[in-house]
Amino acid sequence: MMNSIKPVSVITLALAVAGAIAGPLVPPAGPPSSTAKPLSDIEPRTAINATNTPGDAGSMFRIVSPGSYYLVDNISVDPGKFAVRAVVPGVTLDLNGFNIHGDRLAAAIDFQSDSSVFGGTIGPIGSMGDIGEGSIARGLVVRLIGGFVSLSERSIVSECVLDFGTSISQGSRLLLRDGAVLKYSHVRGVERLTVEPLATVSHTVVCRVGSLELGDDSRLDTCRVLELAGNISGQDRVRVSDTLIDSLLSFGDNYTAGFGEETQWTRVRLLSREQAAATFARRSILTGCTFVGANSVVTNNRPGVRMGEGAVVRGSVFADFYDEALEVGRGSVVTDCSFTRSGGAVTAFSGSVITGNSVSEMRFRAFQIRGTFLADNSVFLDDGIAILCDGGSRITNNTVTGASIRLQGAGSVVDMNRVKTSIGPSIEAAAAGNVVIRNQLTGGPIATVPGNTVAATVDAVTLDSAGPFANIAY
């Protein structure tokens, strides 16, 4: 009997104690008061006005102490002045949704290092001004009247619109100084965009630009360069990736893009209105790129893309060049690429390796080589010469349909190729001192001058049985 009553007593006692600890359930009289700290306690801010930040001869408002500031109204800037000038580093300016504007001779801001500006619109105005070294600009819409925008060393401009006009504004310039970053932004109508060494443009649309200049070790990543009216140029070790470059005008015999040594392009698509699309200095690398030319008749005899010595071109597409699509210097590698609708596919020089490429719809030839290893390529032409060899090459295990192989120099070995032609010889050895062996030919025979070794060459046959031993001859 005692055991059954004891748990009830314990529970009753616990509830009574809990009620005593909780206190009264009746709320106090009057409205509830805030327990949060005011913003001024968390981040003290100063309004930009004539009292707090009086101007001087060169500025409408002047900041003399580090800290956080904000606009309370639009600012109309007098000619020859800045809207807000800070003479100390470490200033944060919230435009607070307001606008800074003025004429062609006015400028928006002039800040020192490690500052930031955000949250409003600038313009129309002559110049954005200078945000300061190592500073940040974010979420701005800037409309320039021509003008000049300079992003200081190590500064970051993010999620901004820099609008120089609906058409290219004569004399306008956007300059990214050493180490500056422009990202997630939109630039329109600037005549000259200059990216200095170690600076980066990423995830940005650049539309209607006169020229784009990239300095040593600079980066262009995940961008769209649309309606490029001039050229894009780069110095050494420039990296361009995941970017579309669409040329607007045609200059006939000029290169749309010209880059220095050790340049790397990765998954770049260049749509050129030129016969000559791009040129790269030695030891440059192209991976997964697309180059499309104008396919118009010109007299300069330039290749669509010209690579210097020691180049690597892999997994890329070349189309619509009137002359040669690609020319590579000595010691280069071209592999797993596609070439179509051009005068020729590849011209290669001593020490180069050309493997695993696909070629079709060439007007003149597929490959012109000297001192090159050419293997495992597929060529489909209606007529003409698929491989034109000037000597000293190894040509092996290629499939050629509709055209021939011509040797016009000495010292080459041609073996284990499959050649199918409808007219003319399959292989033509027009110079002595070559070896032609173990090739499978359909259609035309081998034509050779004296002094060549021709052996173990067989005509292609059609198997007359599916049996594993029925077609073996002894």
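What counts and what doesn't
- Residues numbered from 1 in each chain as written.
- Predicted model: local features only at pLDDT ≥ 70, side-chain atom pairs only at ≥ 80, totals over all residues.
- Heavy atoms only, no water.
- Helix = DSSP H or I, 4+ residues; strand = E, 2+ residues; numbered from the N terminus.
- Polar contact = N/O pair within 3.5 Å; in protein donor to acceptor, adjacent residues only side chain to side chain.
- Phe/Tyr/Trp six-rings, centres within 6.5 Å; stacked < 30°, edge-to-face > 60°.
- Buried < 20%, exposed > 50% of the residue type's maximum accessible area, 1.4 Å probe, protein only.
- Lys NZ or Arg CZ within 6 Å of the ring centre and 35° of its normal.
- Core = buried A, V, L, I, M, F, W, Y, C linked by side-chain atoms within 4.5 Å.
- Contact = heavy atoms within 4.5 Å.
- Salt bridge = Lys/Arg side-chain N within 4 Å of Asp/Glu carboxyl O.
- Pairing = 2+ DSSP bridges.

1. Details of the side chain of Thr 421
With respect to the element layout, Thr 421 can be found in the loop between strand 51 (418-420) and strand 52 (427-429). A polar contact is formed between the side chain of Thr 421 and the side chain of Ser 426, at a distance of 3.3 Å.

2. Details of the packing of aromatic side chains
This model, assessed by the stated rule, comprises seven aromatic pairs. Arranged with centres 5.9 Å apart and planes meeting at 10°, the rings of Trp 265 and Phe 291 form a pair that is stacked. Placement of Trp 265 in strand 29 (residues 264-266) and of Phe 291 in strand 33 (residues 290-292) is noted, with a sequence separation of 26 residues between them. A relative accessible area of 0% places Trp 265 in the buried class. Between Tyr 322 and Phe 364 the ring centres are 6.2 Å apart and the planes differ by 80°, which places this aromatic pair in the edge-to-face class. Pair noted here: Tyr 322 is in the loop between strand 36 (317-319) and strand 37 (324-328) and Phe 364 is in the loop between strand 42 (358-362) and strand 43 (365-369), with a separation of 42 residues, a long-range link. Ring pairing ties together the aromatic residues Phe 259, Trp 265, Phe 280, Phe 291, Phe 318 and Phe 339, which thus form one cluster. Arg 138 extends its terminal NZ or CZ atom over the ring of Phe 118, reaching a point 5.2 Å from the ring centre. Positioned over the ring face of Phe 364 is Arg 363, at 5.8 Å from the centre of the ring.

3. What about the nonpolar core?
Residues Leu 174, Trp 265, Phe 291 and Phe 339 are the most contacted members of the largest nonpolar core, which totals 105 residues. Sort the elements by how many residues they give to this core and strand 12 (residues 136-144) lands first, with four residues. In this structure, Trp 265 is in contact with Val 240, Ile 245, Ala 257, Phe 259, Leu 270, Phe 280, Ile 285, Leu 286, Thr 287, Cys 289 and Phe 291, ignoring residues within four places of it in sequence. Core analysis: the next-biggest nonpolar cluster, separate from the first, contains five residues, Leu 226, Leu 244, Leu 271 and Val 292 among them.

4. Points about the pattern of salt bridges
Pairing between side chains of opposite charge can happen when the charged atoms of each approach one another. Enumeration according to the criterion identifies 20 salt bridges in this entry. For Arg 267, the salt bridge goes to Asp 242, with nearest N and O atoms at 2.6 Å. You can see Arg 267 sitting in the loop between strand 29 and strand 30 (269-271) and its partner Asp 242 sitting in the loop between strand 26 (239-241) and strand 27 (244-247), a full 25 residues away along the chain. A relative accessible area of 48% means that Arg 267 is categorised as partly exposed. Each of Glu 261, Glu 262, Arg 282 and Arg 283 takes part in a single network of salt bridges with overlapping partners.

5. As for the pairing of strand 3 (residues 59-63)
Pairing of strand 2 (residues 54-56) with strand 3 involves two bridges; the strand directions are antiparallel. In the sheet register, Pro 54 faces strand 3, and the bridge partner there is Phe 61.

6. Focus on unusual backbone geometry
Of the consecutive residues Gly 123 and Pro 124, the connecting peptide bond is found in the cis state with omega at 5°. Tracing the chain through its elements places Pro 124 in strand 10 (residues 116-125). Look at Asp 217: it is not a glycine, yet its phi comes out positive at around 60°. Examined against the element boundaries, Asp 217 turns out to sit in the loop between strand 22 (211-214) and strand 23 (219-221). Classification of Asp 217 by relative accessible area gives partly exposed; the value is 24%. With phi around 55°, Arg 438 is a residue other than glycine that occupies positive phi space. The class for Arg 438 is partly exposed, based on a relative accessible area of 45%.

7. Brief notes about the environment of Asn 231
In this fold, Asn 231 is placed in the loop between strand 24 (224-228) and strand 25 (232-234). On the accessibility criterion, Asn 231 (33% relative accessible area) is partly exposed. Expressed as a C-alpha distance, the spacing of Asn 231 and Ser 247, which sit 16 residues apart in the sequence, is 8.2 Å. The residues contacting Asn 231, other than those within four sequence positions of it, are Gly 210, Ser 211, Leu 212, Tyr 255 and Thr 256.

Geometry only, nothing functional implied.
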